[in-house]
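As a plain string of letters, each chain reads:
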Amino acid sequence: MHLTGKFCNTEGVDTPAVKGADGLLGEVERAEAALRAAADRAGAGSFEAVIEADQKIEPRDVMPEDYRKGLIRQIAQHAHSEIIGMQPEGNWITRAPSLRRKAILLAKVQDEAGHGLYLYAAAETLGVTREELTEALLSGRQKYSSIFNYPTLTWADMGAIGWLVDGAAIVNQVPLCRCSYGPYARAMIRICKEESFHQRQGYQSLYVLANGSPEQRRMAQDAVNRWWYPSLAMFGPPDSESTHSAQSMAWKIKRFSNDELRQRFVDMCVPQADILGLTLPDPDLKWNEQRGHYDFTPPDFDELMRVVKGDGPCNRQRMAHRRRAHDEGAWVREAAAAYAAKGKTA
Amino acid sequence: MNEPLWEVFVRPRRGLSHTHVGSLHAPDARMALRHARDLYTRRQEGVSIWVVPASEITASSPDEKDSFFDPAGDKIYRHPTFYELPEGVEHL
Amino acid sequence: MTDPMSEGSSRVNQQARVPQRSGGTPLELADDALIAAQRLSEWVARAPTLEEDVALTNIALDQLGVARLLLQSLGDEDELAYRRGDAEFRNCLLVELPFGRARGDLDFGWTVVWLLFLAAAQKLRYEAWDNEVAAKAVKESAYHLDHATQWVIRLGDGTSLSRERVQAAVEELWPYTHELTEGIRDDWLSIVEPVLKEATLVKPSHDTWRPSGGRSGRHTEHLSYVLAEMQALHRAHPGVQW
C-alpha cells in the first residue's frame, strides 16, 4: 500500500504521486483494524446493542427485515454494477495500444468480475440466491450504477474511468469497509485493497496521454470532459432528495451523506487535475476559503434520473449484452449440471 | 439451472489454518476448486484451498447462542492465565 | 514472394530463427500465445458463468504474459505485436480461427476443445525448452490443459446437446491440429486421446485435409481481422507512448 513516491513505470514517463489516495487506503487499513477491535470487544446482545457498540451483525443474527432487505438491495446493486461495469472497459481490451496496457486492462476487468462475485457471495449470506439476484438484474428489477450506461468512445476513456469513475467508487466504498454488516464490510475491505491499483493505473494512463502528442492530449481532455459530471452523479441524488439515506446512516450501513462524499471527491480531484495539466469542465469550480472546500456545479440530476430509468446512451446495449451472455451460457450450465448429476468425478 | 453454492477456505501461508474467504457457484467439487483458485487467490493469497458444499455445513443457530457458548465463559480454568505460578518459575 | 522474416528482417533478432525442433521457435510460440490471448479476450463479460469469466481471463492473461516475455527476448514487444503484417506472423492457423464456424461466433464448446488442443501442444513445446520463461509457461499450460480437460469431459458427457456441440468442434478443429503438433504428434495424441475418450467424443474418421502455412506466414482469412482490431489504435498514432 505505498502510494507515495513515483509510479513505477517501464516506459520512461514519470508520473507524480496522487495526493489523497494515501489517505483513502489508510482508511481501509483503519477500518480493518476497527473490525478486528470490534470482534475483540465483549459480545453485545440485541441487534440494536450490536449496532450501538459498533460491532458487526453476522449472517444468522436476528435483524430487522428492513435492514436485511435494504442490505440485499444495496449489495446486489453494487454487485450488478461490477458485472455490468466490465463492458465499457472490456470494449477496449482487444484494441489496447500496447501489450502492457492490454495486460493491465485485462487484469482490471477480471478484478471487476471477481468483485461482483465477492459481493454476490455477501448478498447470499442474507438469504437470497444467485439465481434470484441474476434474475433481478436481467429483468431490470434491480439497478446498477448509471455510470456504466455511458459509452467508452476512445482509449482515453480507460484513463478517465480509472481516475474519475474508480476514484468516485473508492470514495463511496471506503466508508463501506466500516459497514455494520460483517460479510459486506469484509468484502469491501478486500475490494478496496484490490482496487487501489485501478485508480492509479487510470491516472497514470491519463498522465501519459496528457503529456503525449497533441492528439493524445485532446483525447485525454475530451474523455475528462465527458466523464466528469457522470462521475459526480455517482454519489446519488442530493441529500435533500435521497430516500434511503437516513435509515442507512442510523444502521451504520452508510457513514456519510451523498453530498459529503461528493464534496470529498471534488476536493481530491482538483489538485490531481492540475498535476495532469487537464481542465475539469466546470467554469465555476473554485476554492471557497470560508468553507474550506471547492465550490462546484452539481451534476444534472434530471439526467441522472433519466439514465436510471433506462434512457441513458447505453442502457439497452448493456442489458442486451448481459442477457445474451446469460442465455448463450444456458446449455453449458445445463451440461455441467447433468454431468454432476451422474456422480462421476473427473 | 442452479449451480450449487460452495464455501471457500484458504490457507494463506504454511503454518496458518484455512480461513473462510467467501463462496462461489460451481457445478461440482472439482470445478469449484478451480474457480476458487482463480477467484480467491489471484494475488497469491493462498497455498491450499478447501471447498465445501454450503448445503453440507450445519451451523449453530443464533437462538442457541446462549446455551452453546455461554457455558464456556465461566470455565476460566481452561485458560493458562488462571494459574498463578510461584515467583521465579520459568519456561512454563 | 520473399519471406518477410528472411535474413535481414530488422524487427526480429537472429535468435528468433534458431530452430528448436520439438520446442518450436520463440517467435512461433510467442505468436501462438499472443493470438490466443487476443482470441480469449473476446470472452470477457461473455462467459457462461461469472466464475468462468474469471477463469478464461486468467488464461488469457497467462498467454499474454508468455507472449510478452518471448517477444521481449526477440526485440521490442510492441513493435513486434503491432507493426507486423499478417504474413509476418508465425502462429499456427488454429489460434487465429474464430470460436465457431464464422467470424464473430463465440461458442464455449468450441473454445474448450480449442484450448485442450492448444494447451496440450504448448505444454509439450515449453517442456522441450530449458529456460526461465519455459519453466513458468509449463506450469501455466498444465493448468490450462486441466481446465480445458474438465470442461471437455463435462460437455462431452453432459447433455445430448452439449455432446453434439463439442463433437462438432472436435471435427472442425481436428484438421488444424496437424500443423499445431508438427514434431510432437505422438506425445500430443497421448494427452488428448484419453480426454476425448473419457468425454465420449471421437476423432473424425476422415482425416486427410491438413491445412497449414501459419509457420511460414500464409494464414487463413481470419488473421488479418484479428490484427486489424488489435493494431488499429496503435498504428493510428505512430511513435507515441501509451
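Enquirer: Would you explain the overall build of chain B in this entry?
Expert: Scanning chain B from N- to C-terminus turns up two helices and three strands. Helices and strands appear in chain B in the N-to-C order β-β-α-β-α. Considering chain B as a whole, with its 92 residues, one finds that 29% of them fall into the buried category. Look at the contacts in chain B between residues 6 or more apart in sequence, and 41% of them connect residues 24 or more apart.

Enquirer: How should the confidence of the model for chain B be read in this particular structure?
Expert: Low-pLDDT portions of the prediction should not be read for the details of their coordinates. Averaged over all residues, the pLDDT of chain B is 85; the fraction at 70 or higher stands at 87%. As scored by the predictor, the complex reaches a pTM of 0.89 and an ipTM of 0.92.

Enquirer: Please explain the pattern of salt bridges as it appears in this structure.
Expert: Side-chain pairs of opposite charge can arise whenever the charged atoms involved come near each other. Evaluated as defined, the whole model comprises 40 salt bridges over all chains. Where Lys108(A) meets Glu89(A), a salt bridge forms, and the shortest distance between an N and an O atom there is 2.3 Å. With a gap of 19 residues between them, Lys108(A) in helix 5 (residues 99-124) and Glu89(A) in helix 4 (residues 86-90) connect regions that are remote in the sequence. Taken individually, Lys108(A) and Glu89(A) each receive the classification buried, so the pair is uniform in this respect. Residues Glu28(C) and Arg215(C) are paired through a salt bridge, measuring 3.9 Å at the closest nitrogen-oxygen approach. Of this pair, Glu28(C) sits in helix 1 (residues 26-40) while Arg215(C) sits in the loop between helix 9 (185-198) and helix 10 (222-236), placing them 187 residues apart in sequence.

Enquirer: Whenever I open this one, the side chain of Glu32(A) confuses me. Can you help?
Expert: Residue and element names in this part refer to chain A. Within the secondary structure layout, Glu32 lies in helix 1 (residues 21-40). Here Lys193 takes part through its side chain, which lies 2.7 Å from a polar atom of the side chain of Glu32. When residues no more than four places from it in sequence are discounted, the contact partners of Glu32 are Ile189 and Lys193.

Enquirer: Could you clarify how one ought to interpret the interface of chain A and chain B in this entry?
Expert: Quoted interface sizes are often the accessible area lost when the parts come together. Contacts between the two partners involve 23 residues from chain A and, on the opposite side, 20 residues from chain B. Of the roughly 1,800 Å² buried where chain A meets chain B, counting both sides, 52% is carbon and sulfur surface. When residues of chain A are sorted by the area they lose upon contact with chain B, Arg60(A), Glu131(A) and Arg190(A) head the list and together hold 28% of the total. Between chain A and chain B we count five salt bridges in total. Two residues, Asp111(A) and Arg42(B), come together in a salt bridge whose shortest N-O distance is 2.7 Å. Between chain A and chain B we count nine residue pairs in polar contact (both at pLDDT 80 or more) in total. Breaking the side of chain A that touches chain B down by element, the ones donating at least two residues are helix 5, helix 6 (130-138), helix 8 (182-210) and helix 14 (330-341) of chain A.

Enquirer: Help me understand the environment of Asn225(A) in this model?
Expert: Residue and element names in this part refer to chain A. Within the secondary structure, Asn225 is located in helix 9 (residues 214-233). Residue class for Asn225 comes out partly exposed when judged on its relative accessible area of 34%. Note: C-alpha distance between Asn225 and Leu278 (53 residues apart in sequence) is 9.5 Å. Contacts of Asn225, omitting those with residues within four sequence positions, involve Thr279 and Pro281.

Enquirer: How do you make sense of the pairing of strand 1 (residues 5-11) of chain B when you look at a structure like this?
Expert: A regular strand carries its side chains on alternate faces of the sheet. Residue and element names in this part refer to chain B. In terms of burial, strand 1 is largely enclosed, as five of its seven residues are buried. Pairing geometry for strand 1 and strand 3 (residues 48-53), over six bridges, is antiparallel. Paired with Phe9 across the strands is Trp50, a residue of strand 3.

Enquirer: Would you mind going over the packing of aromatic side chains with me for this structure?
Expert: One pair of aromatic rings is described through two measures. These are the centre distance and the angle between the planes. Tallied over the full model, the rule gives 17 aromatic pairs over all chains. Aromatic side chains Trp287(A) and Tyr294(A) sit 4.9 Å apart centroid to centroid with 75° between the ring planes, which places their arrangement in the edge-to-face category. Ring centres of Phe117(C) and Trp174(C) lie 5.6 Å apart, and the angle between their planes is 80°; on these two criteria the pair is classed as edge-to-face. Placement of Phe117(C) in helix 5 (residues 108-127) and of Trp174(C) in the loop between helix 7 (160-173) and helix 8 (177-180) is noted, with a sequence separation of 57 residues between them.

Enquirer: Looking at this structure, how should I read the interface of chain A and chain C?
Expert: Contacts between the two partners involve 50 residues from chain A, matched on the other side by 47 residues from chain C. Summed over both partners, the interface of chain A with chain C comes to about 4,400 Å²; 63% of that surface belongs to carbon and sulfur atoms. For the pair chain A and chain C, the number of links is three salt bridges. Notably, a salt bridge pairs Glu51(C) with Arg130(A), separated by 2.6 Å at the nearest N-O pair. Applying the counting rule to chain A against chain C returns 18 residue pairs in polar contact (both at pLDDT 80 or more). Those elements that provide at least two residues to the side of chain A that touches chain C are helix 4, helix 5, helix 8, helix 9, helix 13 (315-328) and helix 14 of chain A. Here the side of chain A that touches chain C gets 13 residues from one element, more than from any other, and that element is helix 5 of chain A. Of the residues that constitute the side of chain A that touches chain C, the class distribution is 27 nonpolar, nine polar and 14 charged.

Thresholds, definitions, all that
Residues numbered from 1 in each chain as written. Chains lettered and ligands numbered in written order. Predicted model: local features only at pLDDT ≥ 70, side-chain atom pairs only at ≥ 80, totals over all residues. Heavy atoms only, no water. Helix = DSSP H or I, 4+ residues; strand = E, 2+ residues; numbered from the N terminus. Buried < 20%, exposed > 50% of the residue type's maximum accessible area, 1.4 Å probe, protein only. Contact = heavy atoms within 4.5 Å. pLDDT = per-residue confidence, 0-100. Salt bridge = Lys/Arg side-chain N within 4 Å of Asp/Glu carboxyl O. Polar contact = N/O pair within 3.5 Å; in protein donor to acceptor, adjacent residues only side chain to side chain. Buried area = accessible area lost by both parts, 1.4 Å probe. Pairing = 2+ DSSP bridges. Phe/Tyr/Trp six-rings, centres within 6.5 Å; stacked < 30°, edge-to-face > 60°. Nonpolar A, V, L, I, M, F, W, Y, C, P; charged D, E, K, R; others polar.

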